[in-house]
Amino acid sequence: MSKRRKDGTSGPQVKLAKCDQTQPQLPPPLHDGETTEKLQDAWSRSLDVETSCVTLQAKPFRHCIIKNYLSEEFIAKLETDLSQLSFNTKSNDLYSFKQTNDLKTADSPSIGAFASLLKEKMKDWLVEVTGIPLNDEVAITSSIYEHTDTLLCHDDELEERRIAFILYITPPSWTMVDGGTLDLFSSSEGRIKPEKVVKSLLPTRNSLVFFEVTASSFHQVAEVLATDKRRLSMGGWFHGPPLARPAQSPEPKVPLKPWTDGYFDMVEDWVNPLYFDDEVLARIQQDFEDNSEILLEDFLKEDKVQMITTALQAKDLKWTQTGPFNKRHYEQADSTSMSELVQQVAKMFQSEAMFLLLGRLTGLTLQSEDDGEEDSHGTPKCWGEVRRWRHGYYTLMHDEDPHNNDFCLDSMFYLNALDWKSDYGGYVSYIAKGEDEELLTVVPKDNALALVYRDSDTLRFVKYINTRATDRQTSGNQDGSFFEVYNAYYE
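Calculation notes
Residues numbered from 1 in each chain as written. Predicted model: local features only at pLDDT ≥ 70, side-chain atom pairs only at ≥ 80, totals over all residues. Heavy atoms only, no water. Phe/Tyr/Trp six-rings, centres within 6.5 Å; stacked < 30°, edge-to-face > 60°. Helix = DSSP H or I, 4+ residues; strand = E, 2+ residues; numbered from the N terminus. Buried < 20%, exposed > 50% of the residue type's maximum accessible area, 1.4 Å probe, protein only. Lys NZ or Arg CZ within 6 Å of the ring centre and 35° of its normal. Core = buried A, V, L, I, M, F, W, Y, C linked by side-chain atoms within 4.5 Å. Contact = heavy atoms within 4.5 Å.

### What to know about the packing of aromatic side chains
The relative placement of two aromatic rings is captured by the distance of their centres and the angle of their planes.
Here's step 1: Scanning the model with the defined rule gives 20 aromatic pairs in all.
Here's step 2: Seen from their ring centres, Phe-61 and Phe-211 are 5.5 Å apart, and the 65° between their planes marks the pair as edge-to-face. Of this pair, Phe-61 sits in the loop between strand E4 (54-57) and strand E5 (63-66) while Phe-211 is found in strand E13 (residues 208-212), placing the two residues 150 residues apart along the sequence.
Here's step 3: Between Trp-125 and Phe-210, the ring centres sit 6.1 Å apart and the planes meet at 90°, which makes this aromatic pair edge-to-face. In this pair, Trp-125 sits in helix H3 (residues 109-130) while Phe-210 sits in strand E13, placing the two residues 85 residues apart along the sequence. The residues Trp-125 and Phe-210 share a single accessibility class, namely buried.
Here's step 4: An aromatic cluster is defined as three or more aromatic residues linked by ring pairs; in this entry it consists of Tyr-275, Phe-299, Phe-349 and Phe-413.
Here's step 5: The ring centre of Tyr-145 lies 5.1 Å from the NZ or CZ of Arg-231, which sits over that ring.

### Some details on the nonpolar core
Side chains of nonpolar character tend, in soluble globular proteins, to be buried together.
Here's step 1: Ranked by size, the top nonpolar core spans 46 residues in total, and within it Leu-296, Phe-299, Leu-312, Met-348, Phe-349, Met-354 and Tyr-489 carry the most contacts.
Here's step 2: Here Phe-349 is in contact with Phe-299, Met-354, Phe-413, Leu-449, Val-485, Asn-487 and Tyr-489, once residues within four sequence places are set aside.
Here's step 3: Formed by 42 residues, the second largest nonpolar core is a distinct cluster that contains Leu-70, Leu-82, Trp-125 and Phe-210.

What follows is the structure, encoded as structure tokens:
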């Protein structure tokens, strides 16, 4: 067996001892000076090295895979002892899985022995290979990912985390079709934004993966698709002096624009007559003033709903994916490929007639106050887009909002969302900044307009849409997707 050097020539590859032991100690190859030296050189020069038991790769960022890290007897003991622990359900915009508390002081001989191995031996070996000055702080937990669980794109940067590690205790039969891979993202040089998944690492039983935590170490745990297996692992971080994080350029703000004049005839022709009734409008406005949110069902006439749904399902309508992955992932309709009907509906929701109707429905000041100036600072404005949501799509909650986050009326009109269930994901969650408890959840509902008034301290996200949604098939739609005409209105 030979390996390819950087210059393209081949040379002898060192034959390593088999990674097998009955005690919690470093695998024999990690004691081999020549192997460690090769890894050290490759790490320092960002080169790839592969031996019989260790694989080090430099792209998309430096990461290492150690096969047969512990003896199978010890792995089995860890698996048994972990099954006796309490796992807490963890669920928010970024993830959904179960996890233990910190295991450094766990009352289990096998878990304690593994923690000691990491702190007393593995840490020193990592310092030798990577040159990263690690301290004695090692955070370690155990996680379980079951059907539809996932951990979305992030970089792991927090406090003094310097090296992340994961030991997999999955069933031996785990394959790619079971999901749960560790996906690594490429990123543009200097931009520090994830571009796409370029490598997926299978969570092979008794393998240990580690990687350097940097501003560009973007990764995710892909959704677990298996229904009869669970992805059990132990993982955490070795700590050290924090790296200086490069300055990031803020995302450009989406330009706001005033309403489009007119569209009174279209609004009257399309919107359910119920929402022009004075008594109904008064009740809706009172409910909205009391709760700052409302769901208006059957908002458009049924024949119009069928027309626009068919137009959105047209094959010649192009959809563009948004990003970056550490903030959002969904599709928006390409305006240049929209049919005239779709364009008119999009404009209707940004029209003078719709502003005035929404003002009556909510009591908000969404009509201009004529102060004699052609471009009044107080003129209500909006921005919006036509979106498609399907399996794998989401948005994440973050403080930086490129959409002029301020007092705002969110308008979400849903199409093709018949029989949508909250356990598919795809719902909108509102949370107060700095808090964990949800203030409000909006589940998509076909031909319904959801209106939510939020302030600058209220964050929102769309929950990851999981594989259950693919079981939902509607007429003309075989992937379980639904559409949303989203608009944000500012007083």
